[in-house]
Amino acid sequence: MAQRHIHDLPQGNPKVSILVPTLLVGLMWAVFLLEWKGDYQWYFLGIYPRETEGLLGIFTAPFVHGDWNHLINNSIPMLILGASVIYFYKEVAWKILLYSFLITGVWVWVGARPSWHIGASGVVYALASFLFTSGLIRRNKHLLTVSLIVVFLYGSMIWGVLPIKHNVSWESHLFGGIAGVVLAYFFRKEGPQRKIQVWEEEEEDDDLDDENPYWLVDEQHQNRVDHNAKPLNIRYIYKPNKREKDS
């Protein structure tokens, strides 16, 4: 039997995996530096729920941040989580990134409290939730390792979905986390899958040395009686030995 592995883990290009989130984070920093140097207030690029003027923020809010801490806290996980998604889920990475932006933004616009919501934390929560949930669903040891790393590094993020701090958009965190779970389930059959070992039977050689091997039975003829065959007569001849003759 021959062993064959299917559904092995496809891995993306490391350079591309790092380049894309670096460009996203670079854009976040460029927007913040322009706002900071020019003493601008670009909060209007955020999401304002259920208001027409807040619709633009669905696309722009992840690139606007309130201060240095806000920017740095979102930049590091965006780099790590974004690179992980692109590297391990190269077949669906672009969809995951795009839908993480759009779904989180739309849900915040629909269901969040009336206020300006800015920052990439919603997308960060979506990526973290996707990686963790997808690793559990696919049961791939490599992806499970990524999931454990996510829990270890960002396990405290679970508190961000609670309305503890008034000046924090916990709605973005909550909706982003739910979006990640939904995406992990929706794309569960795309991208890397759990490795499965398949044993294939080798084809038997039909060229046998024995023309009539005894282990091959013709099932159609094994019970057939040949009525034209001549009967087989067996004759026994008895010859007494010398002692029997003398007696």
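Preceding this section is the structure that the text describes.
The rules behind the values
- Numbering of residues begins from 1 in every chain and follows the order in which that chain's sequence is written.
- Note on the predicted model: pLDDT of at least 70 is required for a residue's local features to be given, and 80 or more for side-chain atom pairs to be given and counted; whole-chain, interface and lining totals, by contrast, use all residues.
- Hydrogens and waters are ignored; side-chain quantities use all the structure's heavy atoms.
- The numbering of helices and of strands both runs from the N terminus, where a helix is a DSSP run of H or I of at least 4 residues and a strand a run of E of at least 2.
- For the exposure calls, accessible area comes from a 1.4 Å probe over protein chains only, and a residue counts as buried if that area is under 20% of its type's maximum, exposed if over 50%, partly exposed in between.
- Contact definition: two residues touch when any of their heavy atoms are within 4.5 Å.
- We call Phe, Tyr and Trp rings a pair once their centres come within 6.5 Å, taking the six-membered ring for Trp, and we label the pair stacked below 30 degrees between planes, edge-to-face above 60, and tilted otherwise.
- Joining through side-chain atoms within 4.5 Å is the link that ties buried Ala, Val, Leu, Ile, Met, Phe, Trp, Tyr and Cys residues into a set, and such a set is a nonpolar core.
- Any carboxyl oxygen of Asp or Glu within 4 Å of a side-chain nitrogen of Lys or Arg constitutes a salt bridge here.
- To estimate the expected span of a helix, subtract one from its residue number and multiply by 1.5 Å.
- Here a polar contact means two N or O atoms within 3.5 Å. Within protein one must be a hydrogen donor candidate and the other an acceptor candidate, and residues neighboring in sequence count only if both atoms are side-chain atoms.

## A few points about the overall build of the protein chain
Counting its regular elements, the protein chain contains eight helices and two strands. For the protein chain, the N- to C-terminal ordering of α and β elements is β-α-α-α-α-α-α-α-β-α. Within the protein chain, the fraction of its 247 residues that count as buried is 36%. Taking the contacts inside the protein chain whose residues are at least 6 apart along the sequence as the reference set, 83% of them involve residues at least 24 apart.

## Some points on the packing of aromatic side chains
Scanning all chains against the criterion turns up 13 aromatic pairs. Look at Y40 and W42: their rings are 5.6 Å apart centre to centre, the planes differ by 5°, and that puts the pair in the stacked class. By relative accessible area, which is 45% here, Y40 ends up partly exposed. Arranged with centres 6.4 Å apart and planes meeting at 70°, the rings of W107 and F175 form a pair that is edge-to-face. Taken together, the positions of W107 in helix α4 (residues 93–111) and F175 in helix α7 (residues 170–186) put the pair 68 residues apart, joining distant regions of the chain. Judged by relative accessible area, which is 30%, W107 ranks as partly exposed.

## Here we look at the nonpolar core
Grouped together as the largest cluster of nonpolar side chains are 38 residues, with contacts concentrated most on L81, I96, L127, F130 and L131. Of all elements in the fold, only α1 (14–37), α3 (68–88), α4, α5 (121–138), α6 (141–154) and α7 reach the threshold of two or more residues within this core. By residue number, the principal contributor to this core is α5, which donates seven residues. The residues touching L127, leaving out its near neighbours within four places in the chain, are M78, L81, G82, V85, I96, L97 and S100. Grouped together as the second largest cluster of nonpolar side chains are five residues, A61, V108, A112 and F175 included.

## Details of the pattern of salt bridges
Throughout the structure, instances matching the rule amount to two salt bridges. Across the pair K95 and E190 runs a salt bridge, and its minimum N-O distance is 3.8 Å. Of the two residues, K95 is situated in helix α4 and E190 in the loop between α7 and β2 (196–200); the sequence distance between them amounts to 95 residues. In this structure, the salt-bridge partner of E171 is R113, at a minimum N-O distance of 2.8 Å. Of the two residues, E171 is situated in helix α7 and R113 in the loop between α4 and α5; the sequence distance between them amounts to 58 residues. Judged by relative accessible area, which is 3%, E171 ranks as buried.

## A word on α1
Taking 1.5 Å of rise per residue, 24 residues should cover 34 Å, and α1 covers 34 Å from first to last C-alpha, within 8% of that figure. Inspection of α1 places S17, V20, P21, V25, M28, V31, F32 and E35 among the buried residues, and these make up the whole buried set. Just past α1, the residue D39 takes up positive phi, approximately 55°.

## Things to note about the environment of S121
You can see S121 is positioned in helix α5. For S121, a relative accessible area of 9% gives the class buried. Separated by 51 residues in sequence, S121 and S172 have C-alpha atoms that sit 6.9 Å apart. The contact partners of S121, leaving out residues within four places of it in the chain, are N74 and H173. One polar contact links S121 to H173, side chain to side chain, over a distance of 3.1 Å.

## Description of the side chain of H65
Tracing the backbone through its elements, the reader meets H65 in the loop between α2 (57–60) and α3. At a separation of 3.4 Å, a polar atom in the side chain of H65 contacts the main-chain amide nitrogen of A120. Among residues more than four places away in sequence, those in contact with H65 are M28, F32, E35, H70, L71, N74, I118, G119 and A120.

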